[in-house]
Amino acid sequence: MNQKRPMQTDSQSLGDIGATTVQLILQKFKWTADIIKSDFGEDIDCNIFIDNIRTNYHFRCQVKSSTKDSKYIRKLKNGDFSISIEATHLRAWQTSYFPVFLIIYEEETDKCYWTMPVEQIFQSPRKLNAKAPTINISKNNIFDDTTKDNILNTTKNFYSKFLRVDESAIECNVVPVLMPDYKVIPIFDCYDFIHSKSDLQIDLNYNLIENLPSWMMVLRRIDPSSIHTFLKISSTVKVELEEFIKKLKQKLLLFDYSTKNNKWISFIISPIKISSRKSNWENELTSWLSFSKINNHIVDDFNYTFESPNNFLRQITRRSMSWDSSYFVDPTQDIAIRFLGANKITPAILNINQIHLNNIKGQYLLWECKKEDIETLHNKISTLELQIQILENTNEKCLVAIAMAMFDPTIGMYTQARDWESYENGNAKNILEKNNMIQALPGNEYKGKTPVLLKELLKPYGESNYTMAQVNINSYIWGFPLMQNQREIYISRFQEIAQDKAEKLKLKIKKYKHNFQIELILVDDTFRNSIYELLIGFIPNLEKSSKDAYLDKESEILKIFDDILPTKTYSDTTFKNSFDILHVAGQIEFEKHTK
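Please read all numbers here as calculations on a predicted model, not as lab measurements.

Conventions and cut-offs
Residues numbered from 1 in each chain as written. Predicted model: local features only at pLDDT ≥ 70, side-chain atom pairs only at ≥ 80, totals over all residues. Heavy atoms only, no water. Disulfide = S-S within 2.5 Å. Buried < 20%, exposed > 50% of the residue type's maximum accessible area, 1.4 Å probe, protein only. Salt bridge = Lys/Arg side-chain N within 4 Å of Asp/Glu carboxyl O. Helix = DSSP H or I, 4+ residues; strand = E, 2+ residues; numbered from the N terminus. Expected span 1.5 Å × (residues − 1). Arc of directions from axis to C-beta. Contact = heavy atoms within 4.5 Å.

The next point concerns the state of the cysteines. This structure, assessed with the given rule, holds zero disulfides. A disulfide-free cysteine, Cys46 has its sulfur positioned 6.6 Å from the sulfur of Cys61, the nearest such atom. Judged by its relative accessible area of 0%, Cys46 falls in the buried class. Free of any disulfide, Cys172 has its nearest neighbouring cysteine sulfur in Cys190, separated by 14 Å.

Scanning all chains against the criterion turns up 23 salt bridges. The partner of Arg60 in a salt bridge is Glu42, and the shortest N-O contact between them spans 3.1 Å. Of this pair, Arg60 sits in strand β3 (residues 53-65) while Glu42 sits in the loop between β1 (32-35) and β2 (44-50), placing them 18 residues apart in sequence. Here Arg60 falls in the partly exposed class, since its relative accessible area comes to 24%. Here Lys273 ties to Glu171 by a salt bridge, and the two come within 4.0 Å at their closest N and O atoms. Pair noted here: Lys273 is in strand β14 (residues 273-276) and Glu171 is in strand β9 (residues 168-179), with a separation of 102 residues, a long-range link. Grouping residues by exposure puts Lys273 and Glu171 together as buried. The structure contains a network of salt bridges with shared partners spanning Lys30, Glu307 and Lys547.

Right, let's talk about unusual backbone geometry for a bit. Each neighbour pair has its own omega, and for Met179 with Pro180 the value is 10 degrees, a cis peptide bond. With respect to the secondary-structure elements, Pro180 resides in the loop between β9 and β10 (183-184). In this structure, Asp51 is a non-glycine residue whose phi angle is positive, near 55 degrees. Along the polypeptide, Asp51 turns up in the loop between β2 and β3. The exposure class assigned to Asp51 is partly exposed, which follows from its relative accessible area of 42%.

Attention now moves to helix α13 (residues 499-511). For α13, which comprises 13 residues, the first-to-last C-alpha distance of 19 Å matches the rise-based estimate of 18 Å (1.5 Å per residue) to within 8%. The complete set of buried residues in α13 reads Ala502, Leu505 and Ile509. Projection of α13 onto a plane perpendicular to its axis shows the buried side chains occupying an angular sector of 60 degrees, all on one side. Exposed side of α13, more than 90 degrees from the buried face: Asp500, Lys504, Leu507, Lys510 and Lys511 are the residues found there. Contacts from the buried residues of α13 go to β26 (488-497), β27 (517-524), β28 (530-538) and α14 (546-564).

Here it is, written out as structure tokens:
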């Protein structure tokens, strides 16, 4: 029997190609460009980055394909395009808080053309009387790699009118910090900087500590008050955001403070905002930022740590079953790379760890009983969805954990408390008390020291004095200075390897002469041949960005990969290369590969 299967039509395929083409162009601008799955009039959501800094400049695109939407699109004799758009969409775009661009993808030429449709509506409002007004797109408005400035300026003009930039000033608050100690530099040491000459004005500003992000509690201060002092830096004349950021970096470079080896100055920068000179109105243009003065240069902490070389593809989507960590991948070289940073552990993380720990401690009740009573104990609690784990077994007594059925600390699995009583009293103990079992069980509750085995299992959940947290590109806290001397770089090649070959490779690695950390790690053994990761790691020099540090060592690293685990050129395995393994087995989505 022939069963019908869902098939993709040519129209759907062309529509996807059009949206993907526009997405790739926007990504080449080093902006984020995400495909919108729901069909409510827009296809791509984009955020603009200026000088590699994410801004609040945001827009969307509707992409129409010349064949897919041919009943709506006409090519005029002069080469321009005419396209019908539903009035409901145009009304929505007209009142939107962000601009929407209309882009046509022409299949025949593989070119894109763009316009700002609401500008035509503002010029001719009567168009909205029609059910599907006509929007014109000039053949000269080509959307390609060279269009970046036009799109940026059009977007800024939209926000200029919307945010009344003409009557506003740009400003931010700055806190200079001595790193990696997180010591706020006293305001008395900032006076020369405050009075230094530049196009930017510096004043003092103040804010209650309770009003600031919780991670700022990590900062070490001399001042014991509840007020935090900032350096307010503002423009004295009207400037664009990118010009203000440029001038801000130039100004911060003038900050003079004596530092010892392996120490540097970081600058915590509040969201850059525009504020009205005529009222209390203001609006933020960026998130919190962190710059650092390293080797007499001002660098952005985020880019200094996480920016990848141009030939690597960015990870864009993860699933619940995706492999851990954040990778950039180079399909051509058959390698993946991870950049790791570090910051001092925050109050929020400490609080979360404490909640984890309390939940976990409530999963079990330590119990002492005679050896011969174990079976009786088991029978009495088995009906309550509890289990027994023997921790210590002597001739006379046994120490056991009466635990929740789903509790397994070796893999971090536990049942979260559902109410405050269970959370504060413990899940396991609460169940026993509610069923009047405490007095009925043989033995008694153990009040002694926590067994060594259990103590080790609890370490990751708060029973350890952590002072530093490792972060990747996805867990970075915007504005929180990074400990640039604690960065790590890991380069990987993934491959299916038979077990006997893997053992030989491990022996070869042991004898290999190198200046790197090199390991062969079993990643997944559910395939015909297990997937292994050949990992090469090193710590970059403080005075080099992670990207530059890698590029300096790239040829040496590739030589090690090709010597120990060369890329396979034959197809006797399930996966072709590292990209294939991360994408399929690791369930990680990367931006499109254009090579």
